[in-house]
Amino acid sequence: MRTAILHRLTLAAMTVVAGGLISATLVRYAPGFGTDERQLDARLSSDSIQAIRNANSEERNILHFYAGCVRRALHGDFGESRSLNRPVRQLLQERAPVTLAVAGRGLGLAWGMAALAVFAAWLFRTPAVGLTATFISGILLCLPAGVLALLSILVNAPGYLAIGLIVFPKVFRYLSNLVAGVRQMPHITTAYAKGVPEPAMFFRHVVPVIKREVLALAGVSIGIAISAAIPVEALCGIPGIGQLAWQSALARDLPLLINISMLVIACVVVANSGADLLSEERRQPA
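Procedures and definitions
Think of each chain on its own: its residues are numbered from 1, step by step along the sequence as written. The model is predicted, so local features are restricted to residues of pLDDT at least 70 and side-chain atom pairs to those at 80 or more, both for listing and for counting; the totals for chains, interfaces and linings are taken over all residues. By convention in this description, side-chain values take in all heavy atoms of the structure and omit both hydrogens and water. Working definition: helices are DSSP H or I runs of at least four residues, strands are E runs of at least two. Numbering for both runs from the N terminus. Whether a residue is buried, partly exposed or exposed follows from its accessible area with a 1.4 Å probe, protein chains only, as a fraction of its type maximum: under 20%, in between, or over 50%, in that order. Contacts between residues were defined by any pair of non-hydrogen atoms, one from each residue, lying within 4.5 Å. Only the contacting stretch of a helix is used when fitting its axis, a line to C-alpha atoms as for every element, and angles between N-to-C directions run 0 to 180 degrees. Angles below 35 degrees are treated as roughly parallel, those above 145 as roughly antiparallel, those between 65 and 115 as roughly perpendicular, and all remaining angles as oblique. By definition, turning the near helix anticlockwise from the far helix through less than a right angle yields a left-handed crossing, and turning it clockwise yields a right-handed one. We call Asp, Glu, Lys and Arg charged. Ala, Val, Leu, Ile, Met, Phe, Trp, Tyr, Cys and Pro are nonpolar, and the rest, Gly among them, are polar. Residues enter a patch when their relative accessible area is above 30% and they make no salt bridge; the linking distance is 9 Å between like charges and 5 Å between nonpolar side chains (Val, Leu, Ile, Met, Phe, Trp, Tyr). Methods summary: accessible areas were calculated by the Shrake-Rupley approach with a probe of 1.4 Å, and residue burial reflects only the protein chains presented. Any carboxyl oxygen of Asp or Glu within 4 Å of a side-chain nitrogen of Lys or Arg constitutes a salt bridge here.

(A) Main features of the overall build of the protein chain. In terms of regular secondary structure, the protein chain is built from 11 helices and 0 strands. In sequence order, the protein chain lays out its α and β elements as α-α-α-α-α-α-α-α-α-α-α. Per-residue burial over the protein chain gives 36% buried out of 286 residues. For the protein chain, long-range pairs separated by at least 24 residues make up 75% of all intrachain contacts whose partners lie at least 6 apart in sequence.

Below is the structure:
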């Protein structure tokens, strides 16, 4: 188990570093990189304009610049935002709690709706309940995150509702498949023969069988919620990490964008790695 955890941590660190480099490279070679609105100010002298260009010259060698950012980040120095003129650490400390709150509420809402829909389908055992839930989840699965965010704005709904609707169909469909697989097991048939009520059947004979898979799904859903928070916050005007990422991308603010990318990737990778570890433990023989 220790070897598996060490392997996952190493893989997570490599993924975070590689993901940050890819994000920085995409911004570096995007059209318009290196331009600064201040250079258009006619009141500035040629020396001032040249000073602005020199201030951004170190970002042109992206490998050298990124290596410096990673090296400073290992010592707790995340640099300073070029567009906001504030320390990146301070910005992340202010915005991260907002994103955690929004994503956490959306995640709880999604799991609550999915669990309730699955339990209702099991309890009533009518095609109408299952088909209705499947139809709704299918529609939500087809809608992009940006569309759900815009719809939440139109109806004046909180941002976490959009995140919940993004996560819900993925959680519901997987939970439904798990429960459908358990329904065919011999111990369920035996419980029915003994006259066990449906609610007791679900909580005593279904939930214990799928609990490890549910924990693994919970880890994956955390990554989905964090990823969904980025477009939702950007479109709904929520002052979190997602909105900050959007602003840094528009401003080509490499120091800020690199740290945000690495933070988001780290959260997603850690959540997925935890889910993988739970799945591997489930497959190991007793």
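Let's pick the thread back up.
(B) Spatial organisation of the packing of helix 4 (residues 88-124) against helix 5 (residues 127-142). Two elements in contact, helix 4 and helix 5, have axes separated by 8 Å at closest approach and are oriented at 160°. Viewed along their axes, helix 4 and helix 5 adopt a mutual orientation that is roughly antiparallel. As for how helix 4 packs across helix 5, the hand of that crossing is left-handed. Contacts from A117, A120, A121 and F124 of helix 4 reach helix 5 at V129, G130 and A133. Partitioning the contact of helix 4 with helix 5 into residue classes produces 6 nonpolar, 1 polar and no charged.

(C) Looking closely at the environment of I230. For I230, the position within the fold is in helix 9 (residues 198-236). Spatially, the C-alpha atom of I230 lies 7.9 Å from that of W246, the residues being 16 residues apart in sequence. Contact partners of I230, with chain neighbours within four places excluded, come to G242 and V264.

(D) Expanded view of the packing of helix 6 (residues 145-154) against helix 7 (residues 159-183). It is at 9 Å that the axes of helix 6 and helix 7 come closest, and there the two elements cross at 145°. Taken as a pair, helix 6 and helix 7 cross one another with a handedness that is right-handed. Residues A145, L148, A149 and S152 of helix 6 form the contact with helix 7, whose own contacting residues are A162, L165 and I166. Here the contact of helix 6 with helix 7 is composed, by residue class, of 6 nonpolar, 1 polar and no charged.

(E) Representation of a nonpolar patch on the surface in the model. On the surface, a nonpolar cluster with roughly 740 Å² of combined accessible area is contributed by F135, I136, I139, L143, V147, L151, L154 and V155. For the nonpolar patch, the elements supplying multiple residues, two or more each, are helix 5 and helix 6. With respect to the element layout, L143 can be found in the loop between helix 5 and helix 6. A residue is classified by how much of its surface remains accessible, and L143, at 31% relative accessible area, is partly exposed.

These figures come from the coordinates and say nothing about function on their own.
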